[in-house]
Amino acid sequence: MTTLVSMKQTQEAITLVKKRFEDQFAQTLGLTRVEAPLFVESTLGVNDHLNGTERVIRFDAIDHQVELEIVQSLAKWKRQALHTYGFAEGEGLYTLMHAIRRDEVLDATHSIHVDQWDWERIISKEARTIESLKTTVLSIYETIRQVELEVEEQFGIEATLPKTIHFTTTQELEDAYPTLSTKERETEVTKEYGAVFLMQIGGALASGEKHDGRAADYDDWSLNGDILVHHPEIGAFELSSMGIRVDRAALLSQIEMTGEHDKLEFPFHQGVLSETLPLTMGGGIGQSRMAMFLLKKRHIGEVQASVWSEATRRSYREQGIHLL
């Protein structure tokens, strides 16, 4: 697997990946860049609670009576911003999101620091379909592939992504690999196809188990998915999580499943229930994840400055790999 050894050259390549992808991605989807918060008021209900078990980092501030919390993602904030900023149907925004997830289990692809392109676009009621979701996935995937080809041309790192992305569902994966864990299923399907959009994440499968957790109040679990590619040394490698967001019916149905009825009192959720907030599609695309995959790195710390245990640093250093 061809990669870059020089840390200086790696930094140059990271810049190319981020700049080229951001420019092409925004142009392809017709998105306007906006500024995003690092923290929000706890009382607004716009922070992402992910699987519902992760601890949010909360703090107080002089001159502010309401408790603040560092974002875990901007899944709900973006939808509110589209309404507040006066975006129209068919228009969208993106931002450079930075978050801290204190309970993240660190490994080769996970960091406490999350950095991604967060995007959201207003859609019509008629566009809340699998076909609309797939069309957007194809546009994003083609942008990733074009940036990979440019990396190959500029730095000699072999492009490995297939020309097309395969679509499948979590239930189809369970049916195909009933004895494997969810992550093992993802590795098997990405090994076969190279690139996969895995759909319908969050609800219970036929076995009664979930493929993976998703908060009940932003993605519609029947209209979402992850872009997964195959990393030869890691296996299934997630580049993006995205989906069509909940409407009134989906929000009520999914909240009923999770029993989180208290959330419905937040201003954001009231906006969905009253249909004041627009119908949207959106997602996040990992910046460091993208650089790690396209530059054929073995640890996210090779492309992102974060914190790692000394044991982790020593282990990779012995392999000739230096973490930032």
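Cut-offs applied
- Every chain's residues receive numbers from 1 upward, in the order its sequence appears when written.
- Totals for whole chains, interfaces and linings use all residues, but because this is a predicted model, local features are given only for residues with pLDDT of at least 70 and pairs of side-chain atoms are given and counted only at 80 or more.
- The basis for every side-chain value is the complete set of non-hydrogen atoms in the structure, without hydrogens or water.
- Put simply, two rings from Phe, Tyr or Trp (the six-membered ring, in Trp's case) pair if the centres are within 6.5 Å, and we call them stacked under 30 degrees between planes, edge-to-face over 60, tilted for the rest.
- In this text, helices come from DSSP runs of H or I with a minimum length of four residues, and strands from runs of E with a minimum of two, each type numbered from the N-terminal end.
- The rule is simple: take the accessible area with a 1.4 Å probe, protein chains only, and divide by the maximum for that residue type; under 20% is buried, over 50% is exposed, in between is partly exposed.
- Cation placement over rings: the criterion is NZ of Lys or CZ of Arg within 6 Å of the ring centroid and within 35° of the ring normal.
- Throughout, a residue-residue contact means that at least one pair of heavy atoms, one from each residue, lies within 4.5 Å.
- For two strands to be treated as a pair, DSSP must find at least two bridges joining them.
- For every element, the axis is a line fit to its C-alpha atoms; helices are fit only across the contacting stretch, and the angle between N-to-C directions ranges from 0 to 180 degrees.
- Salt bridges are defined by distance alone: a side-chain nitrogen of Lys or Arg within 4 Å of a carboxyl oxygen of Asp or Glu.
- For classification, angles of less than 35 degrees are called roughly parallel, those exceeding 145 degrees roughly antiparallel, those between 65 and 115 degrees roughly perpendicular, and all remaining angles oblique.
- A crossing counts as left-handed when the near helix is turned anticlockwise from the far one by less than a right angle, and as right-handed when that turn is clockwise.
- Three classes are used, and their members are as follows: Ala, Val, Leu, Ile, Met, Phe, Trp, Tyr, Cys and Pro are nonpolar, Asp, Glu, Lys and Arg are charged, and the others, Gly among them, are polar.

The subject of this paragraph is the packing of aromatic side chains. One pass over the full model with this rule turns up 6 aromatic pairs. When the ring of phenylalanine 25 is compared with that of tyrosine 94, the centres are 6.0 Å apart and the planes differ by 75°; the resulting orientation is edge-to-face. Of this pair, phenylalanine 25 sits in helix α1 (residues 7–29) while tyrosine 94 is found in strand β5 (residues 92–100), placing the two residues 69 residues apart along the sequence. The class for phenylalanine 25 is buried, based on a relative accessible area of 1%. Residue tyrosine 94 is classed as buried on the basis of its relative accessible area, which comes to 6%. Between phenylalanine 237 and phenylalanine 293, the aromatic rings sit 5.7 Å apart at their centres with planes inclined by 35°, giving tilted as the arrangement. Taken together, the residues span a long stretch of sequence, with phenylalanine 237 in strand β10 (residues 235–245) and phenylalanine 293 in helix α8 (residues 287–294) at a distance of 56 residues. On the accessibility criterion, phenylalanine 237 (1% relative accessible area) is buried. Residue classification places phenylalanine 293 among the buried residues on the basis of a relative accessible area of 2%. By way of ring pairs, the aromatic residues Phe21, Phe25, Tyr94 and Trp117 are connected into one cluster. Its guanidinium or amino end placed over the ring of phenylalanine 237, arginine 289 lies 5.7 Å from that ring's centre, counting from NZ or CZ.

Separated by 114 residues in sequence, phenylalanine 25 and serine 139 place their C-alpha atoms 8.3 Å apart. Excluding residues within four positions of it along the chain, phenylalanine 25 makes contact with Leu31, Tyr94, Trp117, Trp119, Thr143 and Ile285.

The strand order across the open sheet formed by 8 strands is β1-β5-β6-β11-β10-β9-β8-β7, and the pairing between neighbours is mixed. At either margin of the open sheet sits one strand with a lone partner, and together these are β1 (31–33) and β7 (166–169). Direction aside, the axes of adjacent strands within the sheet are offset by 25° on average. Note: strand β6 (residues 113–122) against strand β11 (residues 280–286), 7 bridges, orientation antiparallel. What sits directly across from glutamate 120, in β11, is glycine 282. On top of the sheet, helix α2 (residues 75–84) reaches β5, β6, β10 and β11; it is set at about 35° to β6, its chief contact.

Attention shifts here to the pattern of salt bridges. A complete count under the given rule lists 25 salt bridges for this structure. Among the salt bridges present, the one from glutamate 186 reaches lysine 183, with a minimum N-O distance of 3.6 Å. Here lysine 183 and glutamate 186 lie together in helix α5 (residues 182–193), a separation of 3 residues that amounts to about one turn. Glutamate 186 gets classed as buried once you look at its relative accessible area, which sits at 5%. In this structure, a network of salt bridges that share partners links the residues Lys78, Asp118, Glu120, Asp219 and Arg245.

On to the environment of leucine 295, then. Along the polypeptide, leucine 295 turns up in the loop between α8 and α9 (310–317). In this structure leucine 295 comes out as buried when scored by relative accessible area, which is 0%.

Where strand β3 (residues 58–61) and strand β4 (residues 64–70) come together, 3 bridges link them in antiparallel fashion. Residue pairing across strands places alanine 61 opposite histidine 64, the latter belonging to β4.

Bringing the packing of α1 against helix α3 (residues 130–155) into the picture now. At a minimum axis distance of 9 Å, the contact between α1 and α3 shows a crossing angle of 150°. Between α1 and α3, the interaxial angle falls into the category roughly antiparallel. Judged by the sense of rotation from one axis to the other, the crossing of α1 with α3 is right-handed. Residue-level contacts link Gln9, Glu12, Ala13, Leu16, Val17, Arg20, Phe21, Gln24, Phe25, Thr28 and Leu29 of α1 to Thr136, Ser139, Ile140, Thr143, Ile144, Gln146, Val147, Glu150, Val151, Gln154 and Phe155 of α3. Taken together, the residues of the contact of α1 with α3 sort by class into 11 nonpolar, 8 polar and 3 charged.

Spatial strand order, β2-β4-β3: 3 strands in an open sheet with antiparallel pairing. Each of the sheet's edge strands pairs with one partner strand only, and the pair in question is β2 (39–41) and β3. For this sheet, the mean inter-axis angle between neighbouring strands, taken without regard to orientation, is 40°.

Purely spatial values, then, with no claim about function.
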